Amino acid sequence: MPADLLHLEAVCAGYGKVPVLHDVTVSIPRGDAVAAIGANGVGKTTLLRVIMGQIPITAGDVLFDDVSIRELPTSRRARLGIGYAPEGRALFPMMTVRENLEIGAYHATAARRAARAGWLFEVFPKLAPLRGRLCALLSGGEQQMVAIARALMNEPKLLLLDEPSTGLAPRVVGELYEALTHLHADGLTVFVVEQNARAALRFARTVHVVEDGRIARSGLASEMLDERMLAEAYLGHVPEPPVNAP
Ligand SMILES: Nc1ncnc2c1ncn2[C@@H]1O[C@H](COP(=O)(O)OP(=O)(O)OP(=O)(O)O)[C@@H](O)[C@H]1O
Ligand SMILES: [Mg+2]
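Residues numbered from 1 in each chain as written. Chains lettered and ligands numbered in written order. Predicted model: local features only at pLDDT ≥ 70, side-chain atom pairs only at ≥ 80, totals over all residues.

To continue, consider the overall build of the chain. If you tally the helices and strands in the chain, you get 9 helices and 10 strands. Here the C-alpha radius of gyration of the chain, 19 Å, is about what a compact globule of 246 residues would show, namely 18 Å. Principal axes of the C-alpha set define a box for the chain whose edges measure 70 × 50 × 35 Å. Across the 246 residues of the chain, 40% fall into the buried class. Long-range contacts, defined here as pairs at least 24 residues apart, represent 67% of the contacts in the chain between residues at least 6 apart. (Helix = DSSP H or I, 4+ residues; strand = E, 2+ residues; numbered from the N terminus. Rg over C-alpha atoms; globule rule 2.2 N^0.38 Å. Buried ≥ 20, exposed ≤ 12 C-beta atoms within 10 Å, placed from the backbone. Contact = placed C-beta atoms within 7 Å.)

Here is the structure:
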């Protein structure tokens, strides 16, 4: 069995003639929790779209379980075992929690879907009493849980998360990452992209810093958390208050 569940090798990609990702090489080892952090517009979402096959790559390769998936459509990649909770959650607001989950495994048997949804209501107990509620009526944190649960309906080996903490209060972010930590401890491989570097660095073991469509540096989250420079660049520097002139 290859050590890397997913491997991007020198990937270039963009939109039309506009290049966004340049020569990106990233490994997601089996069983690891990996984060990519970076500011607005550096290409984090594009990186996940490339993995899902939503945009083509212009150079390089994408390997899943050591096999190139470069030419496969998104649906095949999902069936191979890649779950995706996209930026903005992309739920169907006028459908219930349960119906949104069902969409995550539409080709599975009804019995299998029911069993999987039952398990996900244990992983996210707050969703259990809300299963019949329209997603439009959920809080942001609840909606994010539905998005993650839907991505897990298909029993993926790899879970991709795009900014799960956006718009959520710190306490809710903490709850969400706690659930992800349990899933990861049970063997799920997770790749999360975040602007919220603090949450990502606490959760992940390995971190890649994305700048202008390139991997600017990579390392262990525990080491990066200690670094003042990184903290200032990505965790938000609180400036000293100005000293008023007399
Ligand atoms: N559909 C698109 N068509 C053209 N350009 C796009 C498209 N989507 C994104 N881009 C551009 O690609 C670049 C990278 O965007 P991307 O969404 O990957 O950034 P990001 O790191 O996810 O940003 P954010 O933190 O704001 O979500 C940006 O310059 C953006 O304007
Ligand atoms: Mg994005």
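On to the pairing of strand β7 (residues 158-162). With 5 of 5 residues buried, β7 is to be regarded as a mostly interior element. Alignment of β7 against strand β8 (residues 189-194), held across 5 bridges, turns out to be parallel. Of the residues in β8, the one forming a bridge with Leu 161 is Val 192. This β-α-β element, β7 to helix α6 (residues 170-185) to β8, shows right-handed connectivity. (Pairing = 2+ DSSP bridges. Right-handed = clockwise from strand over helix to strand, strands pointing away.)

Taking strand neighbours across the sheet as the criterion, the 4 strands line up as β2-β1-β4-β5 in an open arrangement whose pairing is antiparallel. One side of each edge strand has no neighbouring strand; the edge strands of this open sheet are β2 (18-29) and β5 (67-68). Pairing geometry for strand β4 (residues 57-64) and β5, over 2 bridges, is antiparallel. Directly across from Leu 63, in β5, lies its bridge partner Ser 68. On the sheet, helix α1 (residues 44-52) packs against β1 (4-15), β2 and β4 and is oriented at approximately 70° with respect to β2. (Axes fitted to C-alpha atoms, helices over the stretch in contact; angles between N-to-C directions.)

Turning our eyes to something else, we now look at the confidence of the model for the chain. Taken residue by residue, the chain gives an average pLDDT of 90. The fraction at 70 or more is 91%. Within the chain, no element has a lower average pLDDT than helix α9 (residues 228-234), which sits at 60, and none a higher one than α1, at 98. (pLDDT = per-residue confidence, 0-100.)

With respect to spatial proximity, 13 residues lie near ligand 1, and among them Tyr 15, Asn 40, Lys 44, Thr 45 and Thr 46 are the closest. Among the secondary structure elements, those contributing two or more residues to the shell around ligand 1 are β2 and α1. Broken down by element, the residue count for the shell around ligand 1 peaks at 3 residues, all from α1. Per-class residue counts for the shell around ligand 1 are 4 nonpolar, 7 polar and 2 charged. (Near = placed C-beta within 6 Å. Nonpolar A, V, L, I, M, F, W, Y, C, P; charged D, E, K, R; others polar.)

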